[in-house]
Amino acid sequence: MFHNIEYRKTFWSPFVTEHTNVPSVLLEENKRLSESALWRMQREYFDKESINAWVNQVPFYITSNPFIAYCYAQIVLNFILDWIQQHPEATQHPFYILEPGTGSGRFSFFVIKTLVELMESLNLTDIRICYVMSDVTRNNINYYEKHPALLPYIEKGLIDFAIYNMETDKPITLLRQHIHLDPKTLQNPLIVFANYIFDTISHDAFTVHDKKLYELLISLKTETSNLEGNRPVNLEKLETVYHIREIKPDYYPDPVLNKILAEYKAELHESSLLFPIGSFHAIKYLKKISNDKLFIISTDKGYSTVKSLDYHGHPSLSFHGSFSMMVNFHALADYFKNTGGDYFLQTSRKGIKTSVFCAGMNLTNLPRTALAIQQYVEGFSPSDYFTLHRRVSDSFNECDLDTIAAHMHLTRWDPHMYLKIKNRIISLVPEAEAETLEFIAACMPKLAAHFYHLPKTECVLFEIGVFYHAVKQYQDALVYYEQSIPYVGEQFSLRYNIALCQHQLEKNAEAMVNFKKALELNPESKEAEEWITYLEKQGKE
Ligand SMILES: C[S@@+](CC[C@H](N)C(=O)[O-])C[C@H]1O[C@@H](n2cnc3c(N)ncnc32)[C@H](O)[C@@H]1O
């Protein structure tokens, strides 16, 4: 247990400072955490980096894989079916699904694709959905609007876009349809997917000590050398200092929030905790525009019980390009419960958690939804999936091809995972059982269908070509090598592989053209030269 004196001292210091000899500047002093400049700096970071934030900076695989998207699609489809059963007129209006803080757009692609497939397989032609990819920065939206994987859905009117800053109450305007998400448009409940976003927007912070409640006021410092035009360049070099101040019971204008704080004051023994005030702000606004009919699924790092909120030191910022803080899911759940809504918090897992919240409805009246939540949140969840993914990522070199194929099947044929383990797969092909190879070969189109290009990432289409090449399915290999050209560009290995396949398919004239292109791209290549000589000789015979 953590009840020792030393630990208490650590977070009961009224002013924590770190002394260094590096010249530094005080950026702000004793601010309420939610009013700190930190959050503006966070938005500026995402605006500046745009899609490059997801190139080895901000982690996103955990919330952007086909498995989590499948779980969300199943829950939402069941929610829509429950709703229509109770409100048959609901089919006359679209169901809007809003994704605030969309980020890379990869999750949106997986989820919309899965949802459309599920609806097609159940022949649900009378249900209309509109998926709204939104973000605080227009720069991200510029990327989604032109993305080849999203275009088919955009053209069918299944996707729209919106600039939405969750800290404000500005109207959410759909950029394609030119309408607002407001109480008139939202005739059906508004569905919201909030992944890795409640940890990114503003929080307040408090300390409970001897049954008294204090707010934590933040001061920010940084090295002088980290400033450019008075703004910090590297957020990781920000130094945070907390000061505490006792607060009154009516700290917030909203009595529901004060009630939750009072509960912490009464129940926590000794702790500092975060209060997701930016998330509350967004939830209240979304409740308002949706006629208090809101259905949220959220996956994030956080705490779900009072017990897990106890005995913590002052909150820290995790830096990864941007920064994030732990989400107090418990407070969010309490808020929904206290305002006539409902929630489901999954039993404790290490790592991320998936939570479901709803306003203006009760999960007990939504039986299909409740069952889907049992299966996809409380059952084998996105969090369990990630735990397994990490283990396999660390040990695939010890796995045989059957195990790898089974794991790929669990990932729902995820390109990110395939790119990690591709070399192991190809190395195992020569010794593999025919059934295993047939299974993988048959699933390769699923892998290709999950391709969502991001800058500076490898192209799975080329690697699918390599697999088919290795198992001697030359025609299939050619199809994928050619599809990869726009992404990998002209390269020796691409032209050389294409030529080898064409030769195997007895298309020697075409193979000759490609061996020559390969040689141009790498004039040093002895193999390409030998092939050209060989084919020339063959041509003369
Ligand atoms: C940590 S990323 C998460 C992206 C994505 N949801 C995921 O799971 O990978 C946070 C995203 O929220 C956006 N964002 C930051 N502050 C925001 C705000 N106040 N309102 C809406 N979006 C915000 C950022 O631009 C970024 O795309």
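Residues numbered from 1 in each chain as written. Predicted model: local features only at pLDDT ≥ 70, side-chain atom pairs only at ≥ 80, totals over all residues. Heavy atoms only, no water.

Colleague: Looking at this structure, how should I read the environment of Ile191?
Modeller: With respect to the secondary-structure elements, Ile191 resides in strand β7 (residues 190–195). Sequence spacing of Ile191 and Cys358 is 167 residues, and the spatial spacing of their C-alpha atoms is 9.2 Å. If we skip the residues at most four places from it in the chain, Ile191 touches Val76, Phe79, Ile80, Phe95, Tyr96, Ile97, Leu98 and Phe295. (Helix = DSSP H or I, 4+ residues; strand = E, 2+ residues; numbered from the N terminus. Contact = heavy atoms within 4.5 Å.)

Colleague: Help me out: how do you make sense of the packing of helix α16 (residues 460–470) against helix α17 (residues 474–488) in this one?
Modeller: Geometrically, a packed helix pair is captured by the angle between its two axes and the distance between the axes. Direction vectors running N to C along α16 and α17 enclose 160 degrees, while the axes themselves pass 7 Å from each other. Taken together, the axes of α16 and α17 lie roughly antiparallel to each other. The interaxial crossing formed by α16 with α17 has left-handed handedness. Counting all contacts with α16, which are made through Leu461, Phe462, Ile464, Gly465, Val466, Tyr468 and His469, the residues of α17 involved are Tyr474, Asp476, Ala477, Tyr480, Tyr481, Gln483, Ser484, Tyr487 and Val488. Counted by class, the contact of α16 with α17 contains eleven nonpolar, four polar and one charged residues. (Axes fitted to C-alpha atoms, helices over the stretch in contact; angles between N-to-C directions. Parallel < 35°, antiparallel > 145°, perpendicular 65-115°, else oblique. Left-handed = near helix turned anticlockwise from the far one by under 90°. Nonpolar A, V, L, I, M, F, W, Y, C, P; charged D, E, K, R; others polar.)

Colleague: What am I meant to see in the pairing of strand β4 (residues 159–163) here?
Modeller: Every other side chain in a regular strand lies on the same face of the sheet, so the side chains alternate between the two faces. Burial analysis of β4 places four of its five residues in the buried class, the great majority of the element. In terms of strand pairing, strand β3 (residues 129–135) meets β4 through five bridges, oriented parallel. In the strand pairing of β4, Asp135 is matched with Ile163. (Buried < 20%, exposed > 50% of the residue type's maximum accessible area, 1.4 Å probe, protein only. Pairing = 2+ DSSP bridges.)

Colleague: What is the right way to read helix α18 (residues 492–504) from this model?
Modeller: An α-helical turn contains 3.6 residues, so a residue and the one three or four places further along point in the same direction. Here α18 is 13 residues long and its end C-alpha atoms lie 18 Å apart, about the 18 Å a rise of 1.5 Å per residue gives. Most of α18 sits inside the fold, with ten of its 13 residues counted as buried. Regarding α18, the residues found buried are Leu494, Arg495, Tyr496, Asn497, Ile498, Ala499, Leu500, Cys501, Gln502 and His503. (Expected span 1.5 Å × (residues − 1).)

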